[in-house]
Amino acid sequence: MVTTGLRPRRSAVLRLLVVALALAGALLGGLGGAAPASAHAALTGSTPAQGSVADRAPEQVTLTFSEGVAMGDDSIRVLDPQGKRVDDEKLRNLSSDRVVKYGAGLPSGLRDGTYTVAWQVVSADSHPVSGAFTFSIGAPSKTSAPVPQQEAGGGLVGALYGVARYLAYAGFVLLAGGAAFVVACRPAAALVRSVQRLVVYGWALLTGTTVVMLLLRTPYTGSGDLADVFDLGGLQQVLITKPGAALVSRLLLLAAAALFVAVLFGAYARAHQAAGAEETGETGEVAERGRRGEADERGASEAADTAEGADAAEEARRRKDLTFGLGFGGVIVATGLAATWAMAEHASTGLQPAVAMPVDVLHLLAVAAWLGGLAALVVSLYWGPPVERAAVRRFSRIAFGSVVVLVATGLYQSWRQVGTWRALTDTAYGRLLLIKVALVVVLVGIAWLSRQWTGRLAEVPAGEAAAAELRATEDAERDAEREAEQDAAKTAGQEEPEAAEEQEEEGREAEKATVGASATTATAATAGPAPKSGPAPKSGSSPVSDPHTSAPQDTPATDDDPSADDDAPDPARAAQLARQQAAVRTARTKRQRDADPERLGLRRSVLAEAAVAVVVLVVTTVLTATEPGRTEAAVKATSGGQSAEAGRPQTLTIPFDTGGPDGKGTARVRLAPGSSGRANTLQLRITDPSGKVRDVPEVKVSFTQKAKKLGPLSVTTRHTAKGQWRASGIQLPVPGKWQLSLVVRTSDIDQVTEIKNVKIGS
């Protein structure tokens, strides 16, 4: 059988994986600025409006969201200027068929001042969302209401939860994809230790991260305090939520997956071990290669007994039934595991959830079949026995089918989550999606190269490949033996005098101990010189002396008989033998690796695929934690283009230096209420470098909105006191980012223009 051979240096593998992880870390770091957009349910409106001033106290505060949310009595809190909660602490569900709205009642007789509304919810796709805004009654005032500085789902708990989510995806890919590779591509891989470890580690990783995510749900969606992972009451509340139910379902499915893995590497492996022995007639060698020197002798004997005692057709039928059962059961379990993501994340909410959830399941299964199978192929090529070329070609066909499914399902998901071409560049989700598409294109390109290498391998006749491998092995053994002989000669030259003295001493002690024995026996025990350090026998030979010159076996040696020590292996000789065998194996592996450029090219291209796949998985994880572009665009359209926190009074501190005498100072500008479509009031105060109020001959203020090509809109200021100016009735027609231009003149010839951005709400 034609095979692809394999055990390159681990250093090359580790270097490439380190590069992939570094790229993933850099990508995560670069995406850190997108964290505020990680909320999937967005606040689209409120009553009272943000930054508004009401003539009298409203009866309630209402919040409108872009999608369904989970809320409790503490989800909406209204705080007075002193930070005291003043709402009735009872959540009001005001939602209708197409509008998601909740409210909190307010008592009558609230005093004038600025009130703070703080809210925190869990969106339908399991991600926590929080925010705060202010409104005033009568007139704005100072407020000391405490507002959480950390966004919901952030901090250490958010970071841990994000890492757990990524590792859960990785565990699923390794578990499902690795098992699919064994069943569909290479049944002999069930005997390979590296593949076994890959699948088992994937199961353990997915199980462990699922438990961690379940424990972290309470602090992740609530306080953000890591100590709350031990809150049993909070855990009980998590279990009745949709994300909690999905995680528990995942654990139950993983119990079934554990049984699947046990059968896969138990009965299924033994059945194919027996089949391999029947085909080659070398059961022991197949088991030894499959276990990399750790063969299960009992399994080999059972396979041999089965092959001898059972009919070949019956065994083939049994293997076929076992393969069908594992394939069918594996698809059911993998589909169920993929559904635990679909039922609790993006696909479960928004547009067409009944279609999106099955599509999402197909997408995840295709990812697992491609990337997980790729991981199994990598470990097989690098840390396993030779891989059949037919297995590589079967995986190549499965990978191609997976790519087709990924393209189809990815297009639908992109349309559903992004909505417009403009959202691809204007939203964080769209930009991340473009990065993922670019990486997938690179991955497909590398996969195409791997297919080319596979095609070249298939064109090499089996006889030529086997002969070349045999010649390389023989040459490697001869080179290793020559090197070992040279090393042994040097060692023997250094130890010969000491060895001679030890031989004489041992001879004298042996003569005393064997008085009365036969002359032949005494001669065999004392006259025979101890073997010098020399070339060790080849692997499989014994280091003991020739049986014709050994002592008779009818008189067993006792503990008091020194001659028993002569038959014990010399530790130094045994260590030298191990070094020689290791050198032979290393040389053989190197010759096999370097003799066939096609095999070397396949190994490198597959490893490059795996490295890019690591980064793709990171981007996918970040995408699932980012607000979809369609939702972000809808929020902008509803709020007029500004964020939910934009409609607040704006305060700017602007240092200036006109360059002349006494030309340095600081201008403090306050614009309230900071909203478009309403009259705004501007207050300007100028101080010198020591902080004292000072006058200047002239100040000018104007506003410009470059995106809408509005302005500059000049503002007429009125000098009200020393170093203070005021302007009222300022109308800014549209919300968004405006540029405030401040001109300060400190003398007849010294002046400067400073420009600052200010965000205006609706």
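Rules and cut-offs
- Residues numbered from 1 in each chain as written.
- Predicted model: local features only at pLDDT ≥ 70, side-chain atom pairs only at ≥ 80, totals over all residues.
- Heavy atoms only, no water.
- Helix = DSSP H or I, 4+ residues; strand = E, 2+ residues; numbered from the N terminus.
- Buried < 20%, exposed > 50% of the residue type's maximum accessible area, 1.4 Å probe, protein only.
- Contact = heavy atoms within 4.5 Å.
- Areas by Shrake-Rupley, 256 points an atom, 1.4 Å probe, with all protein chains shown as cover.
- Pairing = 2+ DSSP bridges.
- Axes fitted to C-alpha atoms, helices over the stretch in contact; angles between N-to-C directions.
- Parallel < 35°, antiparallel > 145°, perpendicular 65-115°, else oblique.
- Left-handed = near helix turned anticlockwise from the far one by under 90°.
- Phe/Tyr/Trp six-rings, centres within 6.5 Å; stacked < 30°, edge-to-face > 60°.
- Core = buried A, V, L, I, M, F, W, Y, C linked by side-chain atoms within 4.5 Å.
- Salt bridge = Lys/Arg side-chain N within 4 Å of Asp/Glu carboxyl O.
- Nonpolar A, V, L, I, M, F, W, Y, C, P; charged D, E, K, R; others polar.
- pLDDT = per-residue confidence, 0-100.
- Expected span 1.5 Å × (residues − 1).

A.B. asks: Which parts of the structure should I look at to understand the overall build of the protein?
C.D. replies: Per the secondary structure count, the protein includes 19 helices and 20 strands. By residue count, 44% of the 762 residues in the protein fall in the buried class. Expressed as a percentage of contacts within the protein between residues at least 6 apart in sequence, the contacts between residues at least 24 apart total 73%. Summing over all exposed atoms, the protein offers an accessible surface of approximately 38800 Å²; the carbon and sulfur share of this is 57%.

A.B. asks: Got a minute to help me understand the pairing of strand β17 (residues 718–721) in this structure?
C.D. replies: In the sheet, β17 pairs with strand β18 (residues 724–731) via three bridges, with the strands oriented antiparallel. Residue pairing for β18: His719 is matched across the bridge by Trp725. The turn joining β17 and β18, which pair antiparallel and follow one another in sequence, is formed by two residues; a positive phi near 70° is taken by Gly723.

A.B. asks: Looking at this structure, I do not really get the environment of Ser605. What am I missing?
C.D. replies: For Ser605, the location among the structural elements is in helix α18 (residues 597–624). Residues Ser605 and Val378, 227 residues apart in the sequence, show an inter-C-alpha distance of 9.9 Å.

A.B. asks: Just checking my understanding: could you explain the packing of helix α2 (residues 155–185) against helix α11 (residues 389–418) for this structure?
C.D. replies: To characterise two packed helices, one gives the angle between the axes of the helices and the distance between these axes. Running from amino to carboxyl end, α2 crosses α11 at an angle of 120°, the nearest separation of the two axes being 10 Å. Taken together, the axis directions place α2 and α11 in an arrangement best described as oblique. Considering only the axes of α2 and α11, their crossing is right-handed. Facing α2, whose interface residues are Phe181, Ala184 and Cys185, α11 presents Ala391, Arg394, Phe395 and Ile398.

A.B. asks: So what exactly am I meant to see when it comes to the packing of aromatic side chains here?
C.D. replies: The way to describe two aromatic rings as a pair is by their centre distance and the angle between their planes. This structure, assessed with the given rule, holds eight aromatic pairs. Taking the centre distance of 5.8 Å and the plane angle of 20° together, the rings of Tyr115 and Phe135 count as stacked. Taken together, the residues Tyr115 in strand β9 (residues 113–123) and Phe135 in strand β10 (residues 128–137) connect sequence positions 20 residues apart. Overall, Phe135 belongs to the buried group, its relative accessible area being 0%. Both rings, one in Tyr169 and one in Trp341, keep their centres 5.2 Å apart while their planes meet at 20°; by these two values the pair is stacked. Here Trp341 lies in helix α9 (residues 312–342) and Tyr169 lies in helix α2, a separation of 172 residues in the sequence.

A.B. asks: Explain the nonpolar core to me, please; I cannot follow it from the model alone.
C.D. replies: Nonpolar side chains in soluble globular proteins generally cluster together in the buried interior. Ranked by size, the top nonpolar core spans 86 residues in total, and within it Phe172, Leu175, Leu206, Leu264, Trp370 and Phe395 carry the most contacts. Grouped together as the second largest cluster of nonpolar side chains are 25 residues, Val669, Leu671, Ile686 and Leu742 included.

A.B. asks: I'm lost on the environment of Leu43 in this one. Help?
C.D. replies: Counting through the fold element by element, Leu43 comes out in strand β2 (residues 43–47). Overall, Leu43 belongs to the buried group, its relative accessible area being 7%. When the C-alpha atoms of Leu43 and Ser66 are compared, they prove to be 6.4 Å apart, with 23 residues separating the residues in sequence.

A.B. asks: Which parts of the structure should I look at to understand the environment of Gln683?
C.D. replies: Relative to the assigned elements, Gln683 resides in strand β14 (residues 679–687). Along the sequence, Gln683 and Ala727 sit 44 residues apart, while their C-alpha atoms lie 6.6 Å from each other. Leave out the neighbours within four places in its chain, and Gln683 touches Arg668, Val669, Arg670, Trp725 and Arg726.

A.B. asks: Teacher, can you tell me more about the pattern of salt bridges here?
C.D. replies: Between side chains of opposite charge, a pair can form when the charged atoms approach closely. Applying the stated criterion across every chain, the model contains seven salt bridges. Close ionic contact of Arg85 with Asp74 constitutes a salt bridge, the shortest N to O distance being 3.1 Å. Taken together, the residues span a long stretch of sequence, with Arg85 in the loop between β6 (76–79) and β7 (91–93) and Asp74 in the loop between β5 (69–70) and β6 at a distance of eleven residues. Relative accessible area serves as the criterion here: at 22%, Arg85 is assigned to the partly exposed category. The closest approach of N and O atoms between Arg745 and Glu698, which form a salt bridge, is 3.0 Å. With Arg745 in strand β19 (residues 736–745) and Glu698 in strand β15 (residues 698–705), this pair connects stretches of sequence that are 47 residues apart. Residue classification places Arg745 among the buried positions, given a relative accessible area of 19%. On the basis of relative accessible area, Glu698 is assigned to the partly exposed category, the value being 28%. It is possible to trace a salt-bridge network through shared partners that takes in Glu698, Lys700, Arg745 and Asp748.

A.B. asks: What is the right way to look at the packing of α9 against helix α10 (residues 353–383) in this model?
C.D. replies: Orientation of α9 relative to α10, taken along the N-to-C sense of each, is 120°, at an axis distance of 9 Å. With respect to α10, the axis of α9 lies oblique. In this structure, α9 meets α10 at a crossing whose hand is right-handed. In contact with Ala334, Thr335, Ala338, Ala339, Trp341 and Ala342 of α9, α10 contributes Met357, Asp360, Val361, Leu364 and Leu365. Here the contact of α9 with α10 is composed, by residue class, of nine nonpolar, one polar and one charged.

A.B. asks: Which parts of the structure should I look at to understand the confidence of the model for the protein?
C.D. replies: Model confidence for the protein is summarised by a mean pLDDT of 74, while 68% of its residues fall at 70 or above. Per-element averaging of pLDDT across the protein places helix α15 (residues 519–526) at the bottom with 38 and helix α5 (residues 242–264) at the top with 93. pLDDT under 50 marks residues 639–646. Its contacts with residues more than four places away, or in other chains, come to 19 contacts.

A.B. asks: Would you mind showing me how to read the sheet that holds strand β8 (residues 100–105) here?
C.D. replies: Sheet strands pair by backbone hydrogen bonding; their relative direction is either parallel or antiparallel. If you trace the four strands from one edge of the open sheet to the other, you get β2-β4-β8-β7, paired in antiparallel fashion. The open sheet has two free edges, formed respectively by β2 and β7, since each of these has just one partner strand. Direction aside, the axes of adjacent strands within the sheet are offset by 25° on average. Across four bridges, the pairing between β2 and strand β4 (residues 60–65) is antiparallel. Bridged to Thr47 within β4 is Thr62.

A.B. asks: Explain α11 to me, please; I cannot follow it from the model alone.
C.D. replies: Helical geometry: 3.6 residues make up each α-helical turn, so side chains three or four residues apart lie on a common side. For α11, with 30 residues, the first-to-last C-alpha span of 42 Å sits near the 44 Å given by 1.5 Å per residue. In the stretch just after α11, Gly419 is the one whose phi turns positive, near 90°.

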